[in-house]
Amino acid sequence: MNDAVRQVTHAQNIRYDKTAEALYMIDQTLLPGEEKEIRTETLEEMVEAIKALRVRGAPAIGIFAAYSMYALARTIPTAGTREDFLHSLGSFGDALKAARPTAVNLSWAVDLMLETARERLELDGPALLEALYQKAVEIHEDDIAKCRAISEYGLSLLKPGDGVLTHCNAGPLATSRYGTAQGPFLLAAEKGVPVRVFADETRPLLQGARLTSYELSRAGVDVTLICDNMASMVMKNGWVQACFVGCDRIAANGDTANKIGTSGVAILAKHYGIPVYVLGPTSTIDLNCPDGDHIPIELRDPDEIKALWYEKPMALPEVKCYNPAFDVTDHSLIAGIVTEKGICRPPYSESLAALFK
Ligand code: MRU
């Protein structure tokens with residue numbers, strides 16, 4: 001495999017150093033200018049890292065939360081009873097889950113860690129902690145395998161020379177390796193298959209400009225950065241044969257929450273007859289959520305729109321802002337949902353449920 005591609009696909013965005021008992025991650029807010037690892041030790045630092053998007057992307061925050069639960073379990077005083085231990089771990093889990101409400105992978109990973117603690121409660125202290133560590137590693141390694149499978153299925157939907165539009169960042173930084181919606185492009189680079197990617201800059205936090213174009217260009221993928229409002233033009237020009245997007249929560253009927261602007265991409269794509277594929281692991285599917293109306297949508301600080309990227313604020317302080325982090329794409333606009341178990345087609349209420357049988 002080409003070294004440049006490998007460096008991107010296998011970059012370690014989250015790492016737990018067992019010898020030092022330390023949790024590290026690449027601070028994504030500093031990219032692409034600075035690639036810096038930071039260490040988080042306390043619950044407050046972990047919650048802040050998730051809220052500030054130092055670690056972001058649905059699968060990545062799940063992996064980070066799993067290691068956080070292990071690291072926090074180590075801080076619980078050994079003097080208490082097993083019920084005290086479970087209670088404290090549950091409180092840590094609640095705080096982590098509350099950091100960001102939309103991506104279901106976060107609560108999914110926290111719940112798996114709590115379930116492991118409950119199931120292994122009879123073990124002595126060190127053995128119980130080791131079981132939690134092993135569970136976090138399993139969640140991390142499973143994601144690596146899932147992303148690779150998703151990338152293979154996604155690439156099977158493309159022909160050499162195809163142009164693909166993507167929104168936000170769903171690459172290795174947002175997952176473990178390869179990514180979901182970006183995985184097929186990196187796999188194509190690995191296999192020498194030419195694809196052209198159009199990356200929406202993704203207002204207001206610019207994940208497309210700062211992260212997607214950074215990862216893809218470092219891997220040698222033919223990537224063109226566009227502003228979000230240029231997608232229609234690029235589609236009209238005939239440069240895009242498919243749209244690949246990630247997901248933060250997929251409801252039982254196939255409605256999908258992803259980065260704000262995704263539903264606009266899907267509506268445009270319908271106009272131009274371009275298929276939209278949602279790519280994500282089964283850990284992002286929430287069968288307990290019947291449809292998109294039931295997905296909680298995170299609202300963020302107005303300053304991300306008004307001031308964050310500018311030397312001076314670009315709007316008067318009194319101007320009102322509406323800053324939802326995600327929107328929901330209606331299932332009727334989605335041509336396929338690509339998971340590690342295969343490609344689901346409509347009707348999604350049947351094909352998604354079948355994945356869990
Ligand atoms: O707010 P973010 O940057 O965490 O939003 C991320 C997205 O919307 C991604 O597309 C999604 O989490 C999938 S990442 C594989």
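Here the structure is a predicted model, which is why all the values come from computation and not from measurement. (Residues numbered from 1 in each chain as written. Predicted model: local features only at pLDDT ≥ 70, side-chain atom pairs only at ≥ 80, totals over all residues. Heavy atoms only, no water.)

Colleague: How would you summarise the packing of aromatic side chains if you had to cite specific residues and measurements?
Modeller: Taken as a whole and assessed by the stated rule, the structure comprises seven aromatic pairs. On the numbers, 5.9 Å between centres and 10° between planes, the contact of F185 with F244 is stacked. On the criterion of sequence distance, the pair formed by F185 in helix α7 (residues 183–191) and F244 in strand β7 (residues 242–245) is long-range, its members being 59 residues apart. Across this residue pair, the class does not change: F185 and F244 are buried. Between F244 and Y277, the ring centres sit 5.9 Å apart and the planes meet at 90°, which makes this aromatic pair edge-to-face. Highlighted residues: F244 in strand β7 and Y277 in strand β10 (residues 276–279), separated in sequence by 33 residues. With respect to burial, F244 and Y277 carry one shared label: buried. Three or more aromatic residues joined by ring pairs make a cluster, and in this case those are Y16, Y67, Y70 and Y133. A cation over an aromatic ring shows up here: K18 above the ring of Y133, its NZ or CZ 4.9 Å from the ring centre. (Phe/Tyr/Trp six-rings, centres within 6.5 Å; stacked < 30°, edge-to-face > 60°. Helix = DSSP H or I, 4+ residues; strand = E, 2+ residues; numbered from the N terminus. Buried < 20%, exposed > 50% of the residue type's maximum accessible area, 1.4 Å probe, protein only. Lys NZ or Arg CZ within 6 Å of the ring centre and 35° of its normal.)

Colleague: Requested: an account of the site of the ligand, with residues and values cited.
Modeller: Around the ligand, 18 residues are found, and the nearest of them are R56, R100, D248, N258 and K259. Measuring from an oxygen atom of the ligand, one finds a side-chain N or O atom of N258 at 2.6 Å. The side chain of K259 places a nitrogen or oxygen atom 2.7 Å from an oxygen atom of the ligand. Protein contact buries 99% of the 410 Å² of open area that the ligand shows by itself. Put simply, the ligand lies in the largest cavity. Those elements giving two or more residues to the shell around the ligand turn out to be α3 (58–73) and β9 (256–259). Looking at the shell around the ligand residue by residue, the classes come out as seven nonpolar, seven polar and four charged. (Near = heavy atom within 4 Å. Polar contact = N/O pair within 3.5 Å; in protein donor to acceptor, adjacent residues only side chain to side chain. Areas by Shrake-Rupley, 256 points an atom, 1.4 Å probe, with all protein chains shown as cover. 1 Å grid on protein atoms, 1.4 Å probe; cavity = no way out; pocket = protein on both sides within 12 Å on 5 of 7 lines; lining within 4 Å. Sits in = over half its atoms within 2 Å of the grid points. Nonpolar A, V, L, I, M, F, W, Y, C, P; charged D, E, K, R; others polar.)

Colleague: Any details on empty space enclosed by the protein? Residues and values, ideally.
Modeller: Which parts of space are left empty comes out when a probe the size of a water molecule is rolled across the atoms. In this structure the tally under the stated criterion is three cavities of 30 Å³ or more. Here the largest cavity is characterised by a volume of approximately 190 Å³. Lining the largest cavity are 23 residues, with G57, A58, N169, D248 and N258 sitting closest to its centre. At the level of elements, α3 and β9 are the ones that each hand at least two residues to the lining of the largest cavity. Residues of the lining of the largest cavity, tallied by class, amount to nine nonpolar, 10 polar and four charged. Considered as a void within the structure, the second largest cavity measures approximately 50 Å³ in volume. In terms of lining, the second largest cavity is formed by P59, G62, I63, N105, W108, I139, D142, D143, K146 and S283. Element by element, the count of residues in the lining of the second largest cavity is highest for helix α6 (residues 125–155), at four residues. Residues that form the lining of the second largest cavity fall into these classes: four nonpolar, three polar and three charged. (Points joined across faces, edges and corners; volume = space filled by probe spheres on them.)

Colleague: Describe the packing of helix α4 (residues 82–99) against α6, listing the residues and the values that go with them.
Modeller: Where α4 meets α6, the closest approach of the two axes is 13 Å, and the angle between their N-to-C directions is 30°. The orientation of α4 relative to α6 falls into the category roughly parallel. Handedness of the α4/α6 crossing: right-handed. The segment α4 lies against α6, with R82, F85 and L89 engaging G125, L128 and L132. For the contact of α4 with α6, the per-class residue count stands at four nonpolar, one polar and one charged. (Axes fitted to C-alpha atoms, helices over the stretch in contact; angles between N-to-C directions. Parallel < 35°, antiparallel > 145°, perpendicular 65-115°, else oblique. Left-handed = near helix turned anticlockwise from the far one by under 90°. Contact = heavy atoms within 4.5 Å.)

Colleague: Now, about the sheet that holds strand β2 (residues 22–26): what can you tell me, with residues and values included?
Modeller: Pairing in this open sheet of three strands is antiparallel, and the strands run β1-β2-β3 from one edge to the other. On the outer flanks of this sheet lie β1 (14–17) and β3 (37–40), each paired with one strand and no other. If you compare each strand with its neighbour and ignore which way they point, the axes differ by 30° on average. Both β1 and β2 contribute to a ladder of four bridges, which runs antiparallel. (Pairing = 2+ DSSP bridges.)

Colleague: Give a description of the sheet that holds strand β11 (residues 285–286) that names residues and reports values.
Modeller: Spatially, four strands are ordered β11-β8-β9-β12 in an open sheet, and the strand pairing comes out mixed. Looking along the sheet, the strands with just one partner apiece sit at the ends: β11 and β12 (326–329). Where strand β8 (residues 249–251) lies against β9, two bridges are found, and the strand directions are antiparallel. Each bridged residue has a counterpart across the sheet, and for I250 the counterpart in β9 is T256.

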